[in-house]
Amino acid sequence: QAMLVFLAVLLIDMLYGSATWAERWDSLWSWRKLVFGFIVLGFFAEELWKQRFLKAFVLVAAAGLILSFFAWLGLIPSKGGHEPGVLLTNHATQGMTFAIAALGCLELSRSAGQRLRILFMVGALFFAVNIVFISTSRSAYMALACVLLAWLGARLGWRKFPLAMGVTAVVALAAFSLSPNLRERVQLGIDEVRAYQTAPEYTSAGIRVVFFKNTLDLVKERPLLGYGTGSFARAYNGRFAGPGLDWRGTPASDPHNQYLFIAVENGLLGLAVFVGLLAVMFWATRGADAYHRVMRGALLAWCVTSLFNSHFRTFPEGHLIWLFAGAMLASSPSRPARN
């Protein structure tokens, strides 16, 4: 129901704004990932199929993990135009996939036999090692921290959540000190943010700061209803991009912030509906089984990383979260009690 309400908002917001109808339909089409999750809800109500889904996902991710190590060692070629060890779409998609696979291994190990439990635990460790020492994706680093926090929270109990946060912080600091790759990527992002006003050329983190500031100005101009579905690129580029500007005038079709994107196109009203959808999804993960715990960690990771990317809509990672939402949160239809 929450998904349908949000889709209704997107459809209604197509009726106004300066975007062409082609742009409006294109923006709506980008949200098709959400519909995949809605469809999947009808197929994974039984626990057996949730288990098969999660095990199949971990198995496929493990195959990608092995190939990633081979590519990093130079035994097979990495994906063209990407960093060593990247084979699955891009470094962010691969790293975030591995983070959820690590959590899946940890949760599956709890109900497995002794030998299989050890195998799952080793798998979780190697997924984490790949992210920390090979991946160059800062989104993957954040996703790994989020799934660790979610797992510790579930294990320790939410009354001891501060302890879970402390342990996560200690592990993150240890990873930062042990991995030159992670340390370099994080420090580079910090430096780019600090120097974005004086940097002579485009930087990944610097342009995000520019997008953030400019997009906030757009939100302030039309806070309630926004510019209409499909209007972001037209509204942003007409105001902040154009010939003769330096890299800070780079055209944008997405601000690399999921929440600001929705606020621009659908206003604070649309953003409230989307946040409400996320809240409903978090509420649905309150179950005590492994599938709800995996979904809780995945959802936390996507919510946090979407402060710096549009991981629910624009980028490939959106397919993963909505498919997981459908598979992990599907429930059996209630049946009338027999007399």
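See the structure printed just above.
Throughout what follows, the structure given in this document is the object of discussion. This structure is a prediction, so every number in the text was calculated from the model and none was measured. (Residues numbered from 1 in each chain as written. Predicted model: local features only at pLDDT ≥ 70, side-chain atom pairs only at ≥ 80, totals over all residues. Heavy atoms only, no water.)

**Comments concerning the packing of helix H7 (residues 138-156) against helix H13 (residues 290-305)**
Interaxial distance between H7 and H13 falls to 8 Å at its minimum, and their mutual angle equals 140°. Taken as axis vectors, H7 and H13 run oblique relative to one another. Seen along the crossing, H7 lies across H13 with a hand that is right-handed. The segment H7 lies against H13, with Ser139, Met142, Ala143, Cys146, Val147, Leu149, Ala150 and Ala154 engaging Arg293, Arg296, Gly297, Leu300, Ala301, Val304 and Thr305. (Axes fitted to C-alpha atoms, helices over the stretch in contact; angles between N-to-C directions. Helix = DSSP H or I, 4+ residues; strand = E, 2+ residues; numbered from the N terminus. Parallel < 35°, antiparallel > 145°, perpendicular 65-115°, else oblique. Left-handed = near helix turned anticlockwise from the far one by under 90°. Contact = heavy atoms within 4.5 Å.)

**Describing the side chain of Glu265**
By the secondary structure assignment, Glu265 is in helix H12 (residues 258-284). Buried charge Glu265 goes without a salt bridge, the closest partner of opposite sign being Arg313 at 5.2 Å. The contacts of Glu265, once residues within four sequence positions are left out, are Asp13, Tyr16, Ser27, Leu225, Gly226, Tyr227, Gly228, Thr229, Gly230, Ser231 and Phe232. (Buried < 20%, exposed > 50% of the residue type's maximum accessible area, 1.4 Å probe, protein only. Lys, Arg positive; Asp, Glu negative; His and termini not counted. Salt bridge = Lys/Arg side-chain N within 4 Å of Asp/Glu carboxyl O.)

**What to know about the pattern of salt bridges**
Taken as a whole and judged by the stated rule, the model has 6 salt bridges. Between Asp254 and Arg313 there is a salt bridge; the shortest N-O distance is 3.9 Å. On the criterion of sequence distance, the pair formed by Asp254 in the loop between helix H11 (232-240) and H12 and Arg313 in the loop between H13 and helix H14 (317-329) is long-range, its members being 59 residues apart. Each member of the pair Asp254 and Arg313 is classed as buried. Each of the salt bridges in this network shares a partner with another, and the network as a whole consists of Glu107, Arg110 and Arg293.

**Let's talk about helix H5 (residues 91-109)**
Relative to the 27 Å expected for 19 residues at 1.5 Å per residue, H5 spans 27 Å between its end C-alpha atoms, a close match to the ideal helical length. In terms of burial, H5 is a largely internal element, 18 of the 19 residues being buried. The backbone nitrogen of Ala92 lies 3.0 Å from a side-chain oxygen of the residue at the head of H5, namely Asn90. (Expected span 1.5 Å × (residues − 1). Polar contact = N/O pair within 3.5 Å; in protein donor to acceptor, adjacent residues only side chain to side chain.)

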